Amino acid sequence: MTDKATSAKRADLRNKLDNVVAEGRDAVLEFQLTPDRMAAFISAYTPAEGAGTPLSIELMKSELKRAGINGKLDHDGAMFALKRAGEGKSIINVALVRGTYPQNSTDGQIITDADFNFPVLPGMEFGTLHEAIPSSPGRNLSGETIPAKDTHTPSPLTLAADSNCSLDVETGTLVSNIYGLVQVHDNEILIESLINISEDSMKVTAKLYPHDCFNMRYELSALEPVLQALNVVRPLQHVAGQTAIKNARETKTVQKAVIVVGTEPVPGRDGYFEYAREDNAPQSVGTTGEDGRVDFKNRGVHPMVGPGDIIGKIHPPVEGKAGEDVFGKLTPPPGGNHLEIKAGPHVAPMPDGITYKATAAGIVQLQDNLLAVKDVLETKGDVDYTTGNIKLEKGSVHVNGSIRDGFSVEVPAHIVVNDSIEGASVTAGGDIEVKGGLVMSNKGLIRAGGCITAQFASNSRIECDDEIIIAHEISNCLIRSRGPVTAFGGKGIIQGGSVTSNVGIEANEIGSEIGVKTIVGITAKQKVNDKLIKERESLRERLSKINSVVGPEDNESIMRSTPAAKQAQMKEILLLRGRIKLKLKEIRKQLSKELNEYYRYLELLSIRVHRKIHPGVEIRIGGKAVQISKTTPRMKFRFDADERTIIATKF
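Residues numbered from 1 in each chain as written. Predicted model: local features only at pLDDT ≥ 70, side-chain atom pairs only at ≥ 80, totals over all residues. Heavy atoms only, no water.

Tracing the sequence through the fold places His-398 in strand S30 (residues 396–399). When its relative accessible area of 7% is taken as the criterion, His-398 is described as buried. Dropping the residues within four chain positions of it, His-398 is found in contact with Met-304, Val-376, Leu-377, Glu-378, Thr-379, Val-416 and Asn-418. (Helix = DSSP H or I, 4+ residues; strand = E, 2+ residues; numbered from the N terminus. Buried < 20%, exposed > 50% of the residue type's maximum accessible area, 1.4 Å probe, protein only. Contact = heavy atoms within 4.5 Å.)

Quick look at the sheet that holds strand S15 (residues 255–261) now. Strand order in the open sheet formed by three strands is S13-S14-S15, and the pairing between neighbours is antiparallel. The open sheet has two edge strands, strand S13 (195–197) and S15, and neither has a second partner. The average undirected angle you get between the axes of adjacent strands in this sheet is 25 degrees. Across six bridges, the pairing between strand S14 (residues 203–208) and S15 is antiparallel. Note that in S15 the partner of Lys-203 across the bridge is Val-261. Packed on one face of the sheet, helix H5 (residues 238–251) meets S14 and S15 and runs near 170 degrees to S15. (Pairing = 2+ DSSP bridges. Axes fitted to C-alpha atoms, helices over the stretch in contact; angles between N-to-C directions.)

Once that is clear, we can look at a positive patch on the surface. Residues Lys-585, Arg-588, Lys-589 and Lys-593 make up a contiguous surface patch of positive charge. Position of Lys-589 among the secondary structure elements: in helix H8 (residues 567–603). (Patch = residues over 30% accessible without salt bridge, like charges linked within 9 Å, V, L, I, M, F, W, Y side chains within 5 Å. Areas by Shrake-Rupley, 256 points an atom, 1.4 Å probe, with all protein chains shown as cover. Salt bridge = Lys/Arg side-chain N within 4 Å of Asp/Glu carboxyl O. Lys, Arg positive; Asp, Glu negative; His and termini not counted. Charge placed at Lys NZ, Arg CZ, Asp CG, Glu CD.)

For Arg-37, which is not a glycine, the phi torsion comes out positive at approximately 60 degrees. When you line up the elements, Arg-37 lands in the loop between strand S1 (28–33) and strand S2 (39–46). On the basis of relative accessible area, Arg-37 is assigned to the partly exposed category, the value being 36%.

Right, let's get into the pairing of strand S26 (residues 362–367). Both strand S19 (residues 304–305) and S26 contribute to a ladder of two bridges, which runs antiparallel. From the neighbouring strand, Met-304 faces S26, where its bridge partner is Ile-363. Pairing of S26 with strand S27 (residues 370–374) involves five bridges; the strand directions are antiparallel. Bridging across to S27, Gln-365 finds its partner in Ala-372. Hairpin connection of S26 to S27: two residues between the antiparallel strands, including Asp-368 at a positive phi of 55 degrees.

Pairing between strand S5 (residues 125–130) and strand S10 (residues 173–176): three bridges, direction antiparallel. For Gly-127, the partnering residue across the bridge sits in S10 and is Leu-174. Sheet analysis places strand S9 (residues 165–167) next to S10, joined by three bridges and oriented antiparallel. Looking at S10, one finds that Cys-165 is bridged to Ser-176.

On to helix H6 (residues 530–550). Between its terminal C-alpha atoms H6 stretches 30 Å, which fits the 30 Å expected from 21 residues at 1.5 Å a residue. Residues of H6 that are buried include every one of Leu-532, Leu-539, Leu-543, Ile-546 and Val-550, and no others. Considered in projection along H6, the buried side chains sweep an arc of 60 degrees and stay on one side of the axis. Opposite the packed face of H6, turned more than 90 degrees from it, sit the exposed residues Asp-530, Lys-534, Lys-545 and Ser-548. In this structure, the buried residues of H6 make contact with helix H7 (555–560) and H8. Following H6 by one or two positions, Gly-551 has its phi on the positive side, about 95 degrees. (Expected span 1.5 Å × (residues − 1). Arc of directions from axis to C-beta.)

For the rest of this paragraph, the subject is the pattern of salt bridges. If you walk through the whole model with that rule in mind, you get 27 salt bridges. Between Arg-447 and Asp-465 there is a salt bridge, and its shortest N-O distance comes to 3.1 Å. Taken as a pair, Arg-447 in strand S36 (residues 445–448) and Asp-465 in the loop between strand S38 (461–464) and strand S39 (468–481) lie far apart in primary sequence, 18 residues in all. Residue Asp-465 is classed as partly exposed on the basis of its relative accessible area of 28%. Where Lys-583 meets Glu-535, a salt bridge forms, and the shortest distance between an N and an O atom there is 3.9 Å. Residue Lys-583 is found in helix H8, and its partner Glu-535 is found in helix H6; the two are separated by 48 residues along the sequence. Look at Lys-583 and you get partly exposed, because its relative accessible area is 32%. Exposure remark for Glu-535: the relative accessible area of 29% places this residue in the partly exposed category. Sharing partners across several salt bridges, the network here consists of Arg-447, Glu-463, Asp-465, Arg-480 and Arg-482.

It is worth spelling out the nonpolar core at this point. Soluble globular proteins: nonpolar side chains tend toward being buried together. Core analysis: the largest hydrophobic core is formed by 56 residues, its most contacted members being Ile-421, Ile-432, Ile-619 and Phe-637. Sorting elements by how many residues they give to this core places S39 first, with five residues. Residues contacting Phe-637, with those up to four places away along its chain left out, are Leu-605, Ser-606, Ile-607, Val-609, Ile-613, Ile-619, Ile-621, Ile-628, Ile-646, Ile-647 and Ala-648. Of all hydrophobic cores here, the second largest spans 37 residues; its members include Val-120, Leu-157, Ala-244 and Ile-259. (Core = buried A, V, L, I, M, F, W, Y, C linked by side-chain atoms within 4.5 Å.)

This is the structure:
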């Protein structure tokens, strides 16, 4: 073919192509699937020419259909491709269609960057609640189903009934209503309060942390909304609270502080009976002179009276001052009650209605609001070989001397001894009053159903159902008293031995400078609930027998391993086991409540030292013991129910 013919053919071809372009050519897309067939991306793109259809959403859909690719167009991917194409940029590898990925089961959860080992504050947004999501299969672009890997039934997370927080149902935001720690128990969200109001409503205690759950510092004032919501009206103790927060930051440990306190009521004074002679007053153990010595000749718990003697008169009560608890509620003061006295044997009221006189000789006794003059056996001197042992079926004894070593006196009422008791066995249903001392030399026993009073006690064993009053010194004695033990009328020293009381001990000085071992304690015992303990032991025995047969595993595991023929019977056994466990839980709760009540009662009792306490002394209260290591002035020891330990304070 000649060059002229070839040129003519090429010109003819160009003319045909120009005609095609003039008519227009649509944009063309080619696609390729990913190896997992979960996405289709653009592998080739030819733009439109002439009047051809340009790249568009509709063209993409038609091209995908032409390529036999099923699936919904990814709108974001399509818009991205249009944008790049419009900018003259490559759209190769842009994914236009994606398969559906499988959804694994997801439990409900709190999405947050908070550390729930630290507290949330009132009004704080502490996280977002994400609902539980069940599993669902996926599908690739070939139409094949892709199963989820985790198909367990998801557990929802909900707010507990008393959650102390709120949920924004639209955003899922969780907001705290109180100051506390976020907890999740049994798929329920709750905030455990870190603020506690005492049972008597007289103090508010808070556990204070170095910072909040977002590692941000906070001040005590941040707790005010919580206290307002609790209707606490007393002011915050800013110094105590801020000091505790400061200590928490420095030590990086939780601090406990009383942040609100009420005001204690000022006790009034009940109406009282005043004896006509000062030396007859029952609280007196003698007259103390300027030199600290006590004249025990002018004293007497049970004054001797004769016919016509004025015994004493009633005084009206004095009102106290009310206190205020943390809620602003007034707490009435104790005391201020009228004293009502009935005239008993050998006692007659005077016309004024408040003064009483004796109608016979005897010992005055005021007990349970009954004023009486009792029968008295009076000795001329000591209880010794001249009298022999004394034992009465009724009445009292007045010993005009001492009760000597080896002798015994036993009466149903009272014993008054003008001098001393020396190594004797002395028992009274009522009070024992000794104007001298108890010099027992580790012999005999002094036992009273009422009070015991003396100038001093040495190497004595004493048991008393009421108060023991020793003026000067208790030395190397074994004393057990249901009532208080007091030693501060004179020298008031307790040293050596063991002195215990069910309600309290008060002395000027305890122990000695040379460190003599001295035990003083409050031995109030918890009342044992024998019925509940017996029931608990019976239930434990039944539970042990059931577990020995069916095993200790959970119910679901036991039922799976039980043959079908025996499952009905096994279900009944497991129901019984559940009821026993529930009952045991109730018993534990009740016993714990009774124990807490006992500890609260212990808080009311104390050991008081007016002057000083020495090393070598051991303080015992509520099963706890404290050793004194240095001489300390004016201390009060009591039991702290919250910490369950002995605390010492100045008073």
